[in-house]
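Working through the structure, step by step
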Amino acid sequence: MYPRIRNISFDCHDTYALAGFWSAVLGYARHPEDVPGDPEAALLPPDAATPDLFFQAVPDEKVTKNRLHICLEPVERTRDEEIERVLGLGASMVADRRHADGTGWAVLADPEGNEFCVLRSAGERVATTTVEDQP
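Throughout this description, residue numbers start from 1 for each chain and increase along the sequence as written. Totals for whole chains, interfaces and linings use all residues, but because this is a predicted model, local features are given only for residues with pLDDT of at least 70 and pairs of side-chain atoms are given and counted only at 80 or more. Computation of side-chain values: all heavy atoms of the structure, hydrogens and water removed.

Quick look at the nonpolar core
Counting 21 residues, the largest nonpolar core has Trp22, Phe55 and Phe116 as its most contacted members. For helices the rule is a DSSP run of H or I covering at least 4 residues; for strands it is a run of E covering at least 2, with both sets numbered from the N terminus onward. Of all the elements in the fold, those that place two or more residues in this core are strand 1 (7–12), helix 1 (15–26), strand 3 (40–44), strand 4 (52–57), strand 5 (70–72), helix 2 (79–88), strand 7 (104–109) and strand 8 (115–118). Domain extents, as shown, originate in an automatic or database domain assignment. When residues of this core are sorted by domain, at least three fall in each of domain 1 (1–61) and domain 2 (63–134). Not counting the four nearest positions on each side in its chain, Phe116 is found in contact with Phe21, Trp22, His69, Ile70, Leu72, Val86, Ala91, Ala106, Val107, Leu108, Ala109 and Asp110. Think of a nonpolar core as a cluster: buried Ala, Val, Leu, Ile, Met, Phe, Trp, Tyr and Cys residues, connected wherever their side-chain atoms sit within 4.5 Å. Between buried and exposed lies partly exposed: a residue is buried under 20% and exposed over 50% of the maximum accessible area for its type, with that area taken using a 1.4 Å probe on protein chains only. Any two residues having at least one pair of non-hydrogen atoms within 4.5 Å are treated as being in contact.

Below, the structure is given as structure tokens:
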């Protein structure tokens, strides 16, 4: 029997604000005990098989590229629609790796600079799949 991932942790300055951003992006619920100013915050996924997201306050600034990041696959939107939605929530574009033929992805950053990717939806990948489609 193998272990499962229990949570994914984010170092940040404002745990409540960053948890709010990711709650809006993913639709996860806030932990009922979280309040602004707490040194920790958590988001609860819609099912027990999906990891929680945990946010912990640290004094350090983010300096370099993440060594681990999340890749998002839109479910009810196209990749480009999802990118626009998440940018509207406060993300910023780091690198646009989309290609004219519809393949590729975009690297974005959350409000505290943590990088993540937005990939094509499963429906968009049906037409073409290439090695270049994975970050």
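Concerning the pattern of salt bridges
A pairing counts as a salt bridge when a side-chain nitrogen of Lys or Arg comes within 4 Å of a carboxyl oxygen of Asp or Glu. Across all of its chains, the model carries 8 salt bridges by this definition. Glu82 is the partner of Arg85 in a salt bridge, and the nearest nitrogen-oxygen pair spans 2.8 Å. One end of the pair is Arg85 and the other is Glu82, both in helix 2 and 3 residues apart, which spans about a single turn. Arg85 gets classed as partly exposed once you look at its relative accessible area, which sits at 22%.

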